[in-house]
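A closer look at the structure
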Amino acid sequence: MSPPRHDVFTWQGKTMVDRDGEELGTVAEIYLDQETGQPEWARIIATERSVLVPLLGAKPAGDVIQAGYERAVVRNAPAIAAGLERSDAAEKALSRHYCLPFSDARSHTGLRQPPPRPADREGPTRG
């Protein structure tokens with residue numbers, strides 16, 4: 001289960017740890033699913049690399065955010081560049097790496113659904 005949308009906006013700048021409490025890096029951005037608007041990924045900065053970590057199973061644990069994955073899994077995730085949209089191939093590789101389902105489903109217009117977008121740093125989008 002993904003964390004509530006209103007909670008994840010407080011996670012930016014916090015340390016993320018793995019499920020055993022080992023430090024992974026600092027949460028730099030939260031990405032929302034474009035279709036549902038639900039939190040889907042956290043971009044963390046670990047030393048000189050930037051990786052995405054699924055928010056599935058992530059939760060606050062005191063002053064840190066605990067991911068649902070082991071450190072070795074996160075460390076071996078494909079690196080991503082900050083501020084760039086993920087390609088279908090990159091999203092598929094990330095999903096495969098974290099053993100998450102990936103859909104090639106198309107929208108009713110016949111176009112692919114856009115990739116998740118970075119969450120607004122100010123908080124939830126206002127209608």
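My aim in this report is to walk through the structure given alongside it, one point at a time. Residue positions are counted from 1 within each chain, in the order its sequence is given. With the structure being a predicted model, the display of local features is reserved for residues of pLDDT at least 70 and the display and counting of side-chain atom pairs for 80 or more, all residues being used for whole-chain, interface and lining totals. Computation of side-chain values covers all heavy atoms of the structure but excludes hydrogens and water.

A word on the overall build of the chain
The test is simple: Comment: elements are numbered from the N terminus, with helices defined as DSSP H or I runs of at least four residues and strands as E runs of at least two. Note on areas: Shrake-Rupley, 1.4 Å probe, and residue coverage restricted to the protein chains presented here.
Helix and strand content of the chain: three helices and seven strands. In sequence order, the secondary structure elements of the chain are arranged as α-β-β-β-β-β-β-α-α-β. Put simply, the chain shows about 7400 Å² of open surface, and 51% of that area lies on carbon and sulfur atoms.

A closer look at the environment of Leu-56
Here is the rule we go by: Residue exposure (1.4 Å probe, protein chains only): buried if accessible area is under 20% of the type maximum, exposed if over 50%, otherwise partly exposed.
Along the polypeptide, Leu-56 turns up in the loop between strand S4 (49–54) and strand S5 (59–61). Overall, Leu-56 belongs to the partly exposed group, its relative accessible area being 40%. A sequence separation of 44 residues divides Leu-56 from Leu-100, and the C-alpha atoms of the two residues are 9.6 Å apart.

Focus: the packing of aromatic side chains
Short version of the rule: To pair, rings of Phe, Tyr and Trp, with the six-membered ring standing in for Trp, must have centres within 6.5 Å; the planes then decide the type, stacked if under 30 degrees apart, edge-to-face if over 60, and tilted in the middle.
Evaluation of the coordinates by the stated rule reveals two aromatic pairs. Ring plane angle 70° and centroid distance 4.9 Å describe the contact between Tyr-69 and Tyr-98, whose orientation is recorded as edge-to-face. One end of the pair, Tyr-69, is in the loop between strand S6 (64–66) and helix H2 (71–75); the other, Tyr-98, is in the loop between helix H3 (88–97) and strand S7 (117–118), with 29 residues separating them in the sequence. In this structure Tyr-69 comes out as buried when scored by relative accessible area, which is 13%. On the basis of relative accessible area, Tyr-98 is assigned to the buried category, the value being 2%. Ring pairs connect the aromatic residues Trp-41, Tyr-69 and Tyr-98, which therefore count as one cluster.

Details of the nonpolar core
Filter applied, for reference: We define a nonpolar core as any set of buried Ala, Val, Leu, Ile, Met, Phe, Trp, Tyr and Cys residues linked to one another through side-chain atoms lying within 4.5 Å. By definition, residues are in contact when any of their heavy atoms lie within 4.5 Å.
Counting 26 residues, the largest nonpolar core has Met-16, Ile-44, Val-53, Leu-55, Val-74 and Tyr-98 as its most contacted members. Listed by contribution, the elements that provide at least two residues to this core are strand S2 (23–32), strand S3 (39–46) and S4. Tallying contributions element by element places S2 first for this core, with five residues. Not counting chain neighbours up to four residues away, the residues in contact with Ile-44 comprise Met-16, Leu-24, Gly-25, Thr-26, Val-27, Ala-28, Arg-49, Ser-50, Val-51, Val-53 and Val-74.

Some thoughts on the environment of Tyr-69
Tyr-69 sits 16 residues away from Val-53 along the chain, and the two C-alpha atoms are 8.3 Å apart. Excluding residues that lie within four positions of it along the chain, Tyr-69 makes contacts with Asp-18, Arg-19, Pro-54, Leu-56, Val-74, Tyr-98 and Leu-100.

In short, the description is geometric, and any link to function would need to be established separately.
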